Amino acid sequence: MLNTEAFYKISYGLYLVSTELNGRLNGYIANTVFQLTADPARFAISCNKDNLSAELISASKKFAFSILEKDVDQKIISRFGYKSGKEINKFEDIEYFSGEMGNPIIKQVSIAYFECELEQTIDVGTHLLFIGLLKNNEMLDSDKTPLTYLDYQTLRNGKSPKNAPTYIKPETEEEAEKVVKENIDKLSKYECLVCGHIYDPTIGDPDSGIPAGTSFEDLPDNWVCPDCGAEKADFQAID
Ligand code: FE
């Protein structure tokens, strides 16, 4: 018998894993980064096989991870955690620098970063476990506090995206019911429980052709969160 509630009590940090292959950059948000050995320093990361990063890291034989700071901009989490590098260039319009090994690092959200050379890849079903030897690391701002997975879940109402190793299937019926119950005021703002995106009816969703003045209730059933692709049932009324 499994108790999924207990899964939420496992402590993690949150990291931005990145890599570079022949000038192509990609990265994703991971909570599964951990140190395996001290001498030499060796780290493991878990990456969904469907992610572009899994392909890129397998070929580039290197990866970096940055420790995210507590006040990291939600836009970075949305873009790197909930969008696919197969569809967008996640580093477009983002200020970054290249580490010694060529991995892209976003200084303004990172406390420190680590660059590893891929040493072993272990197939663990849905994910690849990449094990790397530390080749280079740097402290960028030791005064900042690291973002933990608990902070993310409690302060930001964040959930694991479907590709995360720690994803837990939501009670969708219950969630859908909740949305209906709370959908009393048609012009309420709604928040995406997955990524924190706010749907504001006074603005609509111009990128999807939804005009200002469209209530959340009147959005088409196939409308999805513009930031993370979550469905309407993943939104909750605020105000
Ligand atoms: Fe979202």
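As shown above, the structure is provided for reference.
Residues numbered from 1 in each chain as written. Predicted model: local features only at pLDDT ≥ 70, side-chain atom pairs only at ≥ 80, totals over all residues. Heavy atoms only, no water.

Visitor: Go over the overall build of the protein with me, naming the residues and quoting the values.
Guide: Summing up its helical and strand segments, the protein has five helices and 12 strands in all. Looking at the 239 residues of the protein, the share that counts as buried comes to 47%. Within the protein, counting contacts between residues at least 6 apart in sequence, those at least 24 apart form 63% of the total. Only carbon and sulfur atoms are counted for the fraction: they give 50% of the accessible area of the protein, which is about 12,900 Å². (Helix = DSSP H or I, 4+ residues; strand = E, 2+ residues; numbered from the N terminus. Buried < 20%, exposed > 50% of the residue type's maximum accessible area, 1.4 Å probe, protein only. Contact = heavy atoms within 4.5 Å. Areas by Shrake-Rupley, 256 points an atom, 1.4 Å probe, with all protein chains shown as cover.)

Visitor: I'd love a proper account of the coordination of the iron ion, names of residues and values included.
Guide: Cys192 (SG), Cys195 (SG), Cys225 (SG) and Cys228 (SG) make up the full set of protein donors to the iron ion, lying at 2.3 to 2.4 Å. With four donor atoms in place around the iron ion and angles of 103 to 115 degrees between them, the coordination shape is tetrahedral. Donor residues for the iron ion sit on one chain with the sequence pattern C-x2-C-x29-C-x2-C. Here Cys225 and Cys228 have matching classes, each one buried. (Donors = N, O, S within 2.8 Å, 3.2 Å for Na, K, Ca; no water. Tetrahedral: all angles 85-135°; square planar, octahedral: opposite > 155°, others 65-115°.)

Visitor: Which residues make up the sheet that holds strand E3 (residues 33-38), and what values go with them?
Guide: What links the strands of a sheet is backbone hydrogen bonding, and the strands pair in either a parallel or an antiparallel sense. The strand order across the open sheet built from seven strands is E2-E1-E5-E8-E9-E4-E3, with neighbouring strands paired in antiparallel fashion. Only two strands of the sheet have a single neighbouring strand rather than two, namely strand E2 (24-30) and E3. With direction set aside, neighbouring strand axes in the sheet form an average angle of 30 degrees. Bridging between strand E8 (residues 110-124) and strand E9 (residues 127-139) involves 12 bridges; their strand directions are antiparallel. When the bridges of E9 are listed, Glu115 appears paired with Asn136. Most of the contacts of helix H2 (residues 52-60) go to strand E1 (residues 15-21), to which it runs at about 55 degrees, and overall it touches E1, E2, strand E4 (41-48), strand E5 (62-68), E8 and E9. Across the sheet, helix H3 (residues 74-82) is in contact with E1 and E2; its angle to E2 comes to roughly 105 degrees. (Pairing = 2+ DSSP bridges. Axes fitted to C-alpha atoms, helices over the stretch in contact; angles between N-to-C directions.)

Visitor: A description of the environment of Ser98 should follow, citing residues and the corresponding values.
Guide: Mapped onto the elements, Ser98 comes out in strand E6 (residues 97-98). The class of Ser98 is partly exposed, set by a relative accessible area of 46%. Sequence-wise, Ser98 and Thr19 are 79 residues apart; in three dimensions their C-alpha atoms are separated by 9.9 Å.

Visitor: Report on H2, specifying residues and quantitative values.
Guide: For H2, the set of buried residues is Leu52, Ser53, Ala54, Leu56, Ile57 and Ser60. Along its buried surface, H2 packs onto E1, E2, E4, E5, E8 and E9.

Visitor: Let's hear about the pattern of salt bridges: which residues, and what values?
Guide: Considering all chains together, one arrives at five salt bridges under this definition. For Glu20, the salt bridge is made with Lys62, and the minimal N-O distance between the two is 2.7 Å. Of the two residues, Glu20 sits in strand E1 while Lys62 sits in strand E5, which places them 42 residues apart along the sequence. Across the pair, exposure class does not vary: Glu20 and Lys62 are buried alike. We note a salt bridge from Glu119 to Arg42, for which the minimum N-O separation is 2.7 Å. (Salt bridge = Lys/Arg side-chain N within 4 Å of Asp/Glu carboxyl O.)

Visitor: An account of the pairing of E8 is needed here, citing residue identities and associated values.
Guide: Where E5 and E8 come together, seven bridges link them in antiparallel fashion. Its bridge partner lying in E8, Ile67 is registered against Ala112. Hairpin connection, E8 to E9: the antiparallel pair is bridged by two residues, and Gly125 has positive phi, about 85 degrees.

Visitor: Which residues make up the sheet that holds strand E10 (residues 190-192), and what are the values?
Guide: Pairing is antiparallel across the open sheet formed by three strands, whose spatial order is E11-E10-E12. At either end of the open sheet lies a strand with only one pairing partner, and these are strand E11 (198-199) and strand E12 (235-237).

Visitor: How would you summarise the environment of Ile111 if you had to cite specific residues and measurements?
Guide: Looking at where Ile111 falls in the secondary structure, it is placed in strand E8. Along the backbone, Ile111 and Thr145 are 34 residues apart, and their C-alpha atoms lie at a distance of 7.7 Å. With near-sequence residues (within four places) excluded, Ile111 lies in contact with Ile67, Leu68, Glu69, Met139, Leu140, Asp141, Lys144, Thr145 and Pro146.

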